[in-house]
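Each chain, written out:
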Amino acid sequence: PHPFIPYTEIGPAMARADILVILSNDTRGRIPAKLYDYVQTKRPILSIASNDELRSLVERHGGQMFHFDQIDAMAEVVVSQLDSGTADVARPYANELSSRRAAKELAGILDEITETKTNR
């Protein structure tokens, strides 16, 4: 058990983690919100799910994803990570999932929509 950590202090807690785990539902239409926090760190990501879109995002950011029944493979990743220490993971695409980028893209869409309506 771990004491409660306020969301505003979660960054340093994630930075101390040996591995960040995403356990998702057996669904194809859901991306867990914690993925967006995780890719902003340099910690390894292990995802347990059945979702091709999530797999693509996790693997693009240097993580690994396993189906729910791949217990031995997941255990190997965890043991390997614990044995190797806390090496940083490079995330060259992390900014593509940042809230700053999402806000810019949304602003661009809203600008385009309001410009179209204003010019009618």
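Refer to the structure printed above.
Model, not experiment: these values are computed from the prediction. (Residues numbered from 1 in each chain as written. Predicted model: local features only at pLDDT ≥ 70, side-chain atom pairs only at ≥ 80, totals over all residues. Heavy atoms only, no water.)

**Q** I'm lost on the pairing of strand β1 (residues 20-23) in this one. Help?
**A** When a strand is regular, its side chains alternate between the sheet's two faces. Only one face of β1 is covered, namely the one carrying L20 and I22; the face carrying V21 and L23 has none of its residues buried. Summarising the sheet, β1 and strand β2 (residues 45-48) pair through 4 bridges and their orientation is parallel. Considered in β2, the bridge of L20 is made with I45. (Buried < 20%, exposed > 50% of the residue type's maximum accessible area, 1.4 Å probe, protein only. Helix = DSSP H or I, 4+ residues; strand = E, 2+ residues; numbered from the N terminus. Pairing = 2+ DSSP bridges.)

**Q** Can you help me understand a nonpolar patch on the surface in this one?
**A** On the surface, a nonpolar cluster with roughly 360 Å² of combined accessible area is contributed by L106, I109, L110 and I113. Relative accessible area serves as the criterion here: at 48%, I109 is assigned to the partly exposed category. (Patch = residues over 30% accessible without salt bridge, like charges linked within 9 Å, V, L, I, M, F, W, Y side chains within 5 Å. Areas by Shrake-Rupley, 256 points an atom, 1.4 Å probe, with all protein chains shown as cover. Salt bridge = Lys/Arg side-chain N within 4 Å of Asp/Glu carboxyl O.)

**Q** Just checking my understanding: could you explain the sheet that holds strand β3 (residues 64-66) for this structure?
**A** Each strand in a sheet pairs with its neighbour through backbone hydrogen bonds, running either in the same direction (parallel) or in the opposite one (antiparallel). Taken in spatial order, the 3 strands of this open sheet run β1-β2-β3, and their pairing is parallel. Only two strands of the sheet have a single partner each, and these edge strands are β1 and β3. Ignoring strand direction, the axes of neighbouring strands in this sheet form an average angle of 20 degrees. (Axes fitted to C-alpha atoms, helices over the stretch in contact; angles between N-to-C directions.)

**Q** Please explain the pairing of β2 as it appears in this structure.
**A** Side chains I45 and S47 project from β2 onto one buried face, and the interleaved L46 and I48 project onto a second face that is buried too. Bridging between β2 and β3 involves 3 bridges; their strand directions are parallel. When the bridges of β3 are listed, I48 appears paired with F66. Note that the unit made of β2, helix α3 (residues 52-60) and β3 has a crossover that is right-handed. (Right-handed = clockwise from strand over helix to strand, strands pointing away.)

**Q** Could you clarify how one ought to interpret the environment of S99 in this entry?
**A** As for its position among the elements, S99 is in helix α5 (residues 99-118). For S99 and D37, which are 62 residues apart along the polypeptide, the C-alpha to C-alpha distance reads 9.6 Å.

**Q** What should I look at first to understand helix α4 (residues 71-84) in this one?
**A** Turn by turn, an α-helix covers 3.6 residues, leaving residues three or four places apart pointing in a common direction. The end-to-end C-alpha distance of α4 is 20 Å, a good match for the 20 Å that 14 residues give at a rise of 1.5 Å each. Within α4, burial applies to M74, V77 and Q81. Looking straight down α4, one finds its buried side chains confined to an arc of 60 degrees; they lie on one side. In α4, the exposed positions that point more than 90 degrees away from the buried face belong to I71, D72, E76 and D83. Contacts made by the buried residues of α4 are with β2 and β3. Of the residues one or two after α4, G85 is the one with positive phi, at around 90 degrees. (Expected span 1.5 Å × (residues − 1). Arc of directions from axis to C-beta. Contact = heavy atoms within 4.5 Å.)

**Q** Help me understand the environment of T41, please; the structure alone is not making it clear to me.
**A** Looking at the element boundaries, T41 is found in the loop between α2 (34-38) and β2. It is 6.4 Å that separates the C-alpha atoms of T41 and A15, two residues lying 26 residues apart in sequence. For T41, the side chain forms a polar contact with the main-chain oxygen of Y38, separated by 2.7 Å. (Polar contact = N/O pair within 3.5 Å; in protein donor to acceptor, adjacent residues only side chain to side chain.)

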